[in-house]
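Listed below are the residues making up each chain.
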Amino acid sequence: MVTLGERGFHVLLGSLFVIAAAFETLAERFLSAWNPPRIGLLTVVVGLVWVARHAAWRSELGAERERVLADRIERLEHKLAALED
């Protein structure tokens, strides 16, 4: 499930990725001293940050879901104990 905040995150980093790729292309054309690696270091860094942050985000989301489910189970156990009494 993609949340609205997650969608904004992907739009932001996707934009940064495209801008980084365009910057490297323009820098090669207009800056004579610019000599980037074939893949483009800036583009790779932005891509890796994107992947790492998304993995961290999903991990946080999973931990939050686990906490909420544990809380629900605990409340249901209390209700069940009250009904048994």
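Scroll up a little and you will see the structure.
The structure contained in this document is the topic of the report that follows. By convention here, each chain's residues receive numbers from 1 onward along its written sequence. Owing to the predicted nature of the model, reporting of local features is limited to residues with pLDDT of at least 70; listing and counting of side-chain atom pairs is limited to 80 or more, with chain, interface and lining totals taken over all residues. The side-chain figures draw on all heavy atoms in the structure; neither hydrogens nor water molecules are used.

## A look at a nonpolar patch on the surface
- Taken together, the side chains of F23, L26, F30, L31, W34 and L42 define a hydrophobic patch exposed on the protein surface, amounting to about 580 Å² of accessible area.
- It is helix α1 (residues 4-30) that provides the largest number of residues to the nonpolar patch, a total of three residues.
- Segments assigned H or I by DSSP are reported as helices when at least four residues long, segments assigned E as strands when at least two residues long, and all are numbered from the N terminus. Within the secondary structure, F30 is located in helix α1.
- In this structure F30 comes out as exposed when scored by relative accessible area, which is 62%. Residues form patches when they are more than 30% accessible in relative terms and have no salt bridge. Like charges link within 9 Å. Nonpolar side chains (Val, Leu, Ile, Met, Phe, Trp, Tyr) link within 5 Å. Computed with the Shrake-Rupley method and a 1.4 Å probe, the accessible areas treat only the protein chains shown as cover for residues. Counted as salt bridges are all cases of a side-chain nitrogen of Lys or Arg within 4 Å of a carboxyl oxygen of Asp or Glu. For every residue, the accessible area obtained with a 1.4 Å probe (protein chains only) is divided by the maximum for its type, and the residue is called buried under 20%, exposed over 50%, and partly exposed between those limits.

## Description of the environment of L41
- Within the fold, L41 resides in helix α2 (residues 41-84).
- On a C-alpha basis, the gap between L41 and I19 in space is 13 Å, while along the polypeptide they are 22 residues apart.

## Looking at the pattern of salt bridges
- Per the stated rule, a full pass over the model turns up three salt bridges.
- Among the salt bridges present, the one from R75 reaches D71, with a minimum N-O distance of 3.2 Å. In this pair, R75 and D71 are both assigned in helix α2, four residues apart and thus about one turn of the helix distant.
- Looking at R75, the relative accessible area reads 46%, which means it is partly exposed.

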